[in-house]
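# Remarks on the overall topology
So you can see what is in the structure, the chains are spelled out below.
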Amino acid sequence: MFETWARETPHRPAVVTRRARLTYGTLEVRANRLARHLLHRGLGPGDTVAVCLSRLPDLLVAVVGVLKAGGAYAMVDPQQPTGEIGRWLELAGASTVLTSERFRPGVDDGTGRRIVCPDTDADLIDAQSPEPPAAPCGATAAVLFTAGTTSRARPVDAGHRRLLAAYGSWAEVFGLRPSDVHLVTAPTDTAAFTYGWIRALCSGGTLVLPENEIGPTLWAQPFAEDVTVLDTDPLTARLLLDRSVPPAGLRLVAVGGERLALDEQVRLQGRPAPGARLLNVYGPVEVAGCGTWFEADQLSGPVAEAGRVSLLGRPFPGCRAEVRKGQIWLTPPGDPADGDALPTGDAGTMREDGLLEFGGRLAHRVTVRGRTVDPHLAEAALATHPEIREAAITVVDDDRLVAYVVPGTPTAAPGADTVRTHLTGVVPDQEIPVTVVTMGTLPRNRAGRVDRRLLPLPAQGPAGGVSGKGGGAPGRPEGALYVTGCAMLVVALPLAAVLTDVFWPGSTDLTYVPTPWSWLFRGLYAAELLAFCVGLAFLFAGHPLMRRQGRSAGLTTAAHLAIVWLLVSWWPQDNFYRLAAKTDWERQAALVYVFNVPLMIAAVVVAVFVTRRPDPAAAE
């Protein structure tokens, strides 16, 4: 489809950024040369090529070139730590990496992947024919990644047929035209970017891509004043439509990613030019982002409490949507009528008017004191409060619901009383958060979705309090560890010193040890007793402090106990050893397996804890 437009409109702008512009003809020629170069380097049909570039025009050349060579592409952000790059390359199953020379050190990890750098292989590429290569095509077009807001991101193969069917559905609902200028704000390594460039370049339109900054000044960039289709997420839609005047020709705003409340959708509907449409688009990566769509015209009448409702609408042409046991299932476009439906992981209901209503993420449900709590209803209710712009609710320490709220204005400071009052009668009392954390903004991933894994643990102050900044106060984990440690030193240290001769009589007898060696041993005994008391303090107060490191609950508990063992075991271990004869092989072996081997295991557990990436989310 792209090649057809390249032949018919070679001089029409295909990709425009603030610093560069490519016509369809230029993009076609450069992509053909790159495709031939990849084939020359040994790319096989269906091989996955990781596109690890930062320059936007070059990135589109790479994507189209990989497809022309018969491969599948996976977008990987090159501006991240080397270890992260390697993890994404492994997830994608990439056999080849297409990058620039300055990113080669971070990409070439010695695993044997082909590294192709177009900027340094320019002579070889220029020598290739500008005509399209006759390369066999693999079944997969792109390896896309899930958002990863509830667990680690997963790769999903997006086939040519599915993406082609999705494009047909998008074209019918969006009314795509060759004259359209598409502004796509999604980061290039997200699935939303793939959907955006396909809609633009397969319809003969112009793709406008922002470089880094997204704000009101975006409309002043080249071609931005001619934008007719805005492809974005709810947060960016508010930013671009509320704080600036959209282009007069803007006819369509497609919002995906986070869900859009009905009252917010109606409010934003009036921001573009009269007659412009605003669509709430829904569809996970597994269905190529093409599931359902909603616009206000689908409503047959007013909706009560519109601020608490997010409507997903009706399926795209060729798709099916149904609710099974409270969960939304979608049949992707292009599948036969009896094709397999896919679970989305989202709760929903089918309204009497035939519109699908969003009911929250199943993975966001938490267990509090044995009770399952779905925070969606409370979060939606809080977002309607005039002092709260958005909210997220989760559980801390398995027994405390915490609300993270973003004030509606800089002067607003909604506290626990405000939250409790607003939610009373909306949700059961036991599902009302007892602690409120005020934040400037909720943490989001690159796809624009709230990432609950990055929510900070609140201060452990009085129930119902508001978390603040600082540390070392008695109400915080640091303060609890400090107070418990002092108590252990005052009580346990002298008690342990006395009990040494009770449990191990004579083990610390230094009568026949000359100075200064006796003083060195006394220092050793004091250090063992001190480590034992610190270990006891860490046993009772260290776990909340370690939870703040963001590792999984199981690994955190294992590391917590490992650290405790590393501290407390020296006192009993050395006393036992000092009383054991060198030739008492039975006791020596028992001591080794009771103390030394567990110490080694504990050290390994701590090493894993320190080197493991934060990932507190539960499995899907």
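Residues numbered from 1 in each chain as written. Predicted model: local features only at pLDDT ≥ 70, side-chain atom pairs only at ≥ 80, totals over all residues. Heavy atoms only, no water.

## Overview of the overall build of the chain
We count it as follows: Think of it this way: any DSSP run of H or I at least four residues long counts as a helix, any run of E at least two long counts as a strand, and we number them from the N terminus. Classification of residues uses two cut-offs on accessible area relative to the type maximum, computed with a 1.4 Å probe and protein chains only: under 20% is buried, over 50% is exposed, and between them is partly exposed. The contact criterion used throughout is that any non-hydrogen atoms of two residues lie within 4.5 Å. Surface exposure here means Shrake-Rupley accessible area, sampled with a 1.4 Å probe, where a residue is shielded only by the protein chains that are shown. A positive count includes Lys and Arg, and a negative count includes Asp and Glu. His and the chain ends are not counted in either. To locate a charge, take NZ of a lysine, CZ of an arginine, CG of an aspartate or CD of a glutamate.
Looking only at helices and strands, the chain features 17 helices and 24 strands. In terms of overall dimensions, the chain has C-alpha extents of about 100 × 65 × 50 Å along its principal axes. In the chain, which comprises 620 residues, the share counted as buried stands at 50%. If you take every contact in the chain between residues at least 6 apart in sequence, the share linking residues at least 24 apart comes to 63%. When the accessible surface of the chain is split by element, carbon and sulfur atoms take 58% of a total near 28100 Å². In the chain, 58 side chains carry a positive charge and 62 a negative one; their mean positions are 1 Å apart.

## Considerations on the layout of surface pockets
Which entries qualify depends on this criterion: Whether a set of points on the 1 Å grid over the protein atoms alone is a cavity depends on a 1.4 Å probe fitting there but being unable to get out, while an open set qualifies as a pocket with protein on both sides within 12 Å along at least five of seven lines; lining residues are those with an atom within 4 Å of a point. Grid points are joined across faces, edges and corners, and a volume is the space filled by probe spheres set on the points.
Volume-wise, the second largest pocket comes out at about 570 Å³. In terms of lining residues, the second largest pocket is bounded by 21 residues, among which Met1, Phe2, Leu67, His160 and Cys202 are the most central. Secondary-structure elements contributing two or more residues to the lining of the second largest pocket are helix 1 (2–8), helix 3 (56–68), strand 7 (140–145), helix 7 (160–174) and helix 8 (191–201). For the lining of the second largest pocket, the element with the most residues is helix 7, which contributes 4 residues.

## Comments concerning helix 7
Side chains of residues three or four places apart in an α-helix project in the same direction, reflecting 3.6 residues per turn. How we decide: Helices are assigned an expected span. That span is 1.5 Å times one less than the residue count. As used here, the arc belongs to the directions running from the helix axis to the C-beta atoms.
Spanning 15 residues, helix 7 covers 20 Å between terminal C-alpha atoms, matching the ideal 21 Å at 1.5 Å per step. Buried within helix 7 we find Leu163, Ala166, Tyr167, Ser169, Trp170, Val173 and Phe174. Take helix 7 and look down its axis: the buried residues cluster within an arc of 165 degrees, on one side only. Those residues of helix 7 that are exposed and aimed more than 90 degrees away from the buried face are Arg161, Leu164 and Glu172. Buried residues along helix 7 sit against strand 7, strand 8 (155–159), helix 8, strand 12 (252–255), strand 13 (277–282) and strand 14 (292–294).

## Things to note about the confidence of the model for the chain
Here is the rule we go by: Note on scores: pLDDT gives the predictor's confidence for each residue, bounded by 0 and 100.
On average, residues of the chain carry a pLDDT of 86, and 91% of them reach 70 or more. Ranking the helices and strands of the chain by mean pLDDT puts strand 14 first, with 97, and helix 6 (residues 122–126) last, with 57. Across residues 462–475 the pLDDT falls below 50, and counting only partners more than four positions away or on other chains, this stretch makes 27 contacts in the model. Below a pLDDT of 50 lies the segment residues 616–620, which in the model reaches 12 contacts outside its immediate sequence neighbourhood of four places, other chains included.

## Thoughts on the nonpolar core
What counts, and what does not: Note on terminology: a nonpolar core comprises buried Ala, Val, Leu, Ile, Met, Phe, Trp, Tyr and Cys residues joined through side-chain atoms within 4.5 Å.
Core analysis: the biggest nonpolar cluster contains 63 residues, and Leu60, Trp170, Phe174, Phe193, Trp197, Leu201 and Phe316 have the highest contact counts within it. Among the elements that make up this core, the one with the highest residue count is helix 3 (8 residues). Not counting chain neighbours up to four residues away, the residues in contact with Trp170 comprise Gly175, Leu176, Tyr195, Ile198, Arg199, Ala288, Gly289, Cys290 and Phe316. Judged by nonpolar contacts, the second largest core, of 19 residues, contains Val368, Ile388, Val395 and Val419.

## Details of the packing of aromatic side chains
Keep this limit in mind: The pairing test for Phe, Tyr and Trp rings, Trp by its six-membered ring, is centres within 6.5 Å, and the orientation test on the planes gives stacked under 30 degrees, edge-to-face over 60, and tilted for anything in between.
Enumeration according to the criterion identifies 10 aromatic pairs in this entry. Taking 5.6 Å as the distance between ring centres and 70 degrees as the angle between the ring planes, the aromatic pair formed by Phe503 and Trp504 counts as edge-to-face. Ring centres 5.2 Å apart and planes at 80 degrees place the aromatic pair Trp504 and Trp571 in the edge-to-face group. Of the two residues, Trp504 sits in the loop between helix 13 (477–503) and helix 14 (517–547) while Trp571 sits in helix 16 (residues 570–579), which places them 67 residues apart along the sequence. By relative accessible area, Trp504 is classed as buried at 6%.

## Some thoughts on unusual backbone geometry
With an omega of 5 degrees, the peptide bond running from Thr515 to Pro516 counts as cis. Relative to the assigned elements, Pro516 resides in the loop between helix 13 and helix 14. Phi is positive for Ala288, close to 60 degrees, though the residue is something other than glycine. Structurally, Ala288 can be placed in the loop between strand 13 and strand 14. Of the residues examined, Ala288 reaches a relative accessible area of 2% and is grouped as buried. Non-glycine residue Lys325 carries a positive phi angle of around 50 degrees. Relative to the assigned elements, Lys325 resides in the loop between strand 16 (320–324) and strand 17 (327–331).

## A closer look at helix 10 (residues 262–269)
Residues Leu262, Glu264, Gln265 and Leu268 constitute the buried set of helix 10. Looking down the long axis of helix 10, one finds its buried residues gathered within 160 degrees of arc, a one-sided arrangement. Buried residues along helix 10 sit in contact with helix 9 (234–242), strand 13, strand 14 and strand 15 (311–315).

## Some remarks on the side chain of His182
Looking at the element boundaries, His182 is found in strand 9 (residues 181–184). The contact partners of His182, leaving out residues within four places of it in the chain, are Leu176, Arg199, Ala200, Ser203, Gly205, Thr206, Leu207, Val208 and Val229.

## A word on the sheet that holds strand 24 (residues 435–438)
Either a parallel or an antiparallel arrangement is found when strands of a sheet pair, and the pairing is made through backbone hydrogen bonds. To keep things clear, this is the line we draw: The pairing criterion is simple: DSSP has to find at least two bridges between the two strands. Between the N-to-C directions of two axes lies an angle of 0 to 180 degrees, each axis being a line fitted to C-alpha atoms and, for a helix, fitted only over the stretch in contact.
Pairing is mixed across the open sheet formed by 3 strands, whose spatial order is 22-23-24. Each end of this open sheet is capped by a strand with a single partner; those strands are strand 22 (388–396) and strand 24. On average, adjacent strands in this sheet sit at an angle of 25 degrees to one another, irrespective of strand direction. Pairing between strand 22 and strand 23 (residues 400–407): 8 bridges, direction antiparallel. Note that in strand 23 the partner of Ala391 across the bridge is Val405.

## Notes on the pairing of strand 4 (residues 72–75)
Condition: Whether a crossover is right-handed depends on one test, that the path from the first strand over the helix to the second runs clockwise when the strands point away from the viewer.
Alternating positions in strand 4 separate into two faces, Ala72 and Ala74 on one and Tyr73 and Met75 on the other, with burial throughout. Both strand 3 (residues 48–52) and strand 4 contribute to a ladder of 4 bridges, which runs parallel. Within the sheet, the bridge partner assigned to Val49 lies in strand 4 and is Tyr73. On the question of chirality, the crossover connecting strand 3 to the parallel strand 4 by way of helix 3 is right-handed.

## Looking at the side chain of Arg452
Convention followed: Polar contacts, as used here, are pairs of N or O atoms within 3.5 Å; protein pairs need one atom able to donate a hydrogen and one able to accept it. Residues neighboring in sequence count only if both atoms are side-chain atoms.
Inspection of the secondary structure puts Arg452 in the loop between strand 24 and helix 13. At 2.9 Å, the side chain of Arg452 and the side chain of Glu379 are in polar contact.

## Quick notes on the state of the cysteines
A disulfide bridge is the covalent bond that connects two cysteines by way of their sulfur atoms. The cut-off we apply is this: In this description, a disulfide is simply a cysteine sulfur pair whose atoms lie within 2.5 Å.
In total, this model carries 0 disulfides according to the counting rule given. Cysteine Cys137 remains unbridged, with the sulfur of Cys202 as its closest cysteine sulfur at 13 Å. With relative accessibility at 48%, the residue Cys137 sits in the partly exposed group.

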